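Geometric and topological summary
Each chain, written out:
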Amino acid sequence: MGEAKGREPTPEQETILADRPDHDDAVQLVVIAYKALETCRPLGLIAGRIPWTAIDRWCERHELDDSAASILIDAVCYVDAEDFKKRAKAANAKKGRR
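In short, a report on the structure. The model shown is predicted, which means the values in this text are computed figures rather than measured ones.

1. A closer look at the overall build of the protein
Helix and strand counts for the protein come out as four helices and zero strands. Ordering the α and β elements of the protein from the N terminus gives α-α-α-α. Over its C-alpha trace the protein gives a radius of gyration of 17 Å, far above what one expects of a compact globule, namely 13 Å for 98 residues. Taken along its principal axes, the extent of the C-alpha atoms in the protein is 45 × 35 × 25 Å. Across the protein, every contact between residues at least 6 apart in sequence was considered, and the portion connecting residues at least 24 apart equals 51%. Of the roughly 8200 Å² of accessible surface on the protein, a fraction of 55% belongs to carbon and sulfur atoms.

Here it is, written out as structure tokens:
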């Protein structure tokens, strides 16, 4: 996967990037996909889950093979489910429920 295009990092950002720990490219890909796919949530009384079809389309667009796409779909669905639980718990706490 190529580098993201955009503004050049500031000197402070360059320092942070140089000092960052090694990272797993697969994890980075899941984070990038999840952040991009958050905009695909259906809206109603609450924001819904990211549709499987949106994740699958993202995989096609980024030319992931079937094996990588399957792993990414599972990972994004898992992260989305955990985030959904966290948001529901926070909403209930705000309303004074458990």
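2. Notes on the pattern of salt bridges
Tallied over the entire structure, the rule returns eight salt bridges. Arg 41 is the salt-bridge partner of Asp 83, the closest N and O atoms lying 3.6 Å from each other. Residue Asp 83 is located in helix α4 (residues 66-94), and its partner Arg 41 is located in the loop between α2 (25-37) and α3 (52-61); the two are separated by 42 residues in the primary sequence. Each member of the salt-bridge network shares a partner with another, and the members are Lys 35, Glu 38, Arg 41, Arg 49, Asp 80, Asp 83 and Arg 87.

3. Focus: the packing of aromatic side chains
What the rule picks out here adds up to zero aromatic pairs. When the ring centre of Phe 84 is taken as origin, the NZ or CZ atom of Arg 49, which lies over that ring, is 5.8 Å away.

4. What to know about the packing of α2 against α4
In contact at an axis separation of 10 Å, α2 and α4 are set at 60 degrees when each is read in the N-to-C sense. Considering their axes alone, α2 and α4 lie oblique with respect to each other. Judged by the twist between their axes, the crossing of α2 over α4 is right-handed. Taking contact as the criterion, the partners of Leu 29, Val 30, Ala 33, Tyr 34 and Leu 37 in α2 are, on α4, Leu 72, Ala 75, Val 76, Val 79, Asp 80 and Asp 83. Considering only residue class, the contact of α2 with α4 consists of nine nonpolar, no polar and two charged.

5. Describing unusual backbone geometry
One non-glycine residue, Glu 63, lies in the positive phi region at around 55 degrees. Looking at the secondary structure, you find Glu 63 in the loop between α3 and α4.

6. Considering the packing of α3 against α4
Where α3 contacts α4, the axes come no closer than 10 Å and their chain directions differ by 140 degrees. Comparing the axis directions of α3 and α4 gives the class oblique. Handedness of the α3/α4 crossing: right-handed. Between α3, through Trp 52, Ile 55, Asp 56, Trp 58 and Cys 59, and α4, the contact on the second element is made entirely by Ala 69, Leu 72, Ile 73, Val 76 and Cys 77.

Cut-offs and rules
- Residues numbered from 1 in each chain as written.
- Predicted model: local features only at pLDDT ≥ 70, side-chain atom pairs only at ≥ 80, totals over all residues.
- Heavy atoms only, no water.
- Helix = DSSP H or I, 4+ residues; strand = E, 2+ residues; numbered from the N terminus.
- Rg over C-alpha atoms; globule rule 2.2 N^0.38 Å.
- Contact = heavy atoms within 4.5 Å.
- Areas by Shrake-Rupley, 256 points an atom, 1.4 Å probe, with all protein chains shown as cover.
- Salt bridge = Lys/Arg side-chain N within 4 Å of Asp/Glu carboxyl O.
- Phe/Tyr/Trp six-rings, centres within 6.5 Å; stacked < 30°, edge-to-face > 60°.
- Lys NZ or Arg CZ within 6 Å of the ring centre and 35° of its normal.
- Axes fitted to C-alpha atoms, helices over the stretch in contact; angles between N-to-C directions.
- Parallel < 35°, antiparallel > 145°, perpendicular 65-115°, else oblique.
- Left-handed = near helix turned anticlockwise from the far one by under 90°.
- Nonpolar A, V, L, I, M, F, W, Y, C, P; charged D, E, K, R; others polar.

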